[in-house]
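# Chains, contacts and geometry: an overview
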Amino acid sequence: MTGEPQHQNQNQARHLIALGAGIVVLLAFFVNPGGVVGYLVMIALGIVAAFIGHSAARRQGPLLWAAIIGLVLAYIELITALGLLVVRLSRLGV
């Protein structure tokens, strides 16, 4: 059982990376200049952050809550960016 602490440390790092990805993508949303291209970029970033969050949330550990919070933040940003893209496209008449 000597490999157990190393395995836990890797899971904790994954959980913290997922939390960081969720926070970064949400903060990046507020500095986004807008427009169709900007919203597409934010959707892509949200998908990447959600993928990171899902891969981290599958692993057990004491910081699992961090991965879940990062995943929730990624989905909040993704849904908001999708909604704003739909509104922008409807105003363009596409």
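It should be emphasised that the depicted structure is a prediction, and the values quoted were computed from it without experimental measurement.

Enumeration according to the criterion identifies 1 aromatic pair in this entry. Between Phe29 and Phe30, the ring centres sit 6.0 Å apart and the planes meet at 80 degrees, which makes this aromatic pair edge-to-face.

Contact geometry of helix α2 (residues 35–57) with helix α3 (residues 64–92) gives a least axis separation of 8 Å together with a crossing angle of 155 degrees. In terms of axis orientation, α2 runs roughly antiparallel to α3. In terms of crossing hand, the pair formed by α2 and α3 is left-handed. For the contact of α2 with α3, the class distribution of residues is 22 nonpolar, 4 polar and 2 charged.

Next up on the list: the side chain of Asn32. As for its placement among the helices and strands, Asn32 is situated in the loop between α1 (4–30) and α2. Sequence-distant contacts of Asn32, defined by excluding residues within four places in its chain, comprise Gly38, Tyr39 and Met42.

Within the secondary structure, Ala18 is located in helix α1. With relative accessibility at 0%, the residue Ala18 sits in the buried group. In the structure, Ala18 is positioned 50 residues away from Ile68 in sequence and 8.1 Å away in space, judged by C-alpha atoms.

This part covers the environment of Phe30. When you line up the elements, Phe30 lands in helix α1. Residue Phe30 is classed as exposed on the basis of its relative accessible area of 65%. Between the C-alpha atom of Phe30 and that of Ser90, which follows or precedes it by 60 residues, the distance is 22 Å.

Criteria and cut-off values
Residues numbered from 1 in each chain as written. Predicted model: local features only at pLDDT ≥ 70, side-chain atom pairs only at ≥ 80, totals over all residues. Heavy atoms only, no water. Phe/Tyr/Trp six-rings, centres within 6.5 Å; stacked < 30°, edge-to-face > 60°. Axes fitted to C-alpha atoms, helices over the stretch in contact; angles between N-to-C directions. Helix = DSSP H or I, 4+ residues; strand = E, 2+ residues; numbered from the N terminus. Parallel < 35°, antiparallel > 145°, perpendicular 65-115°, else oblique. Left-handed = near helix turned anticlockwise from the far one by under 90°. Nonpolar A, V, L, I, M, F, W, Y, C, P; charged D, E, K, R; others polar. Contact = heavy atoms within 4.5 Å. Buried < 20%, exposed > 50% of the residue type's maximum accessible area, 1.4 Å probe, protein only.

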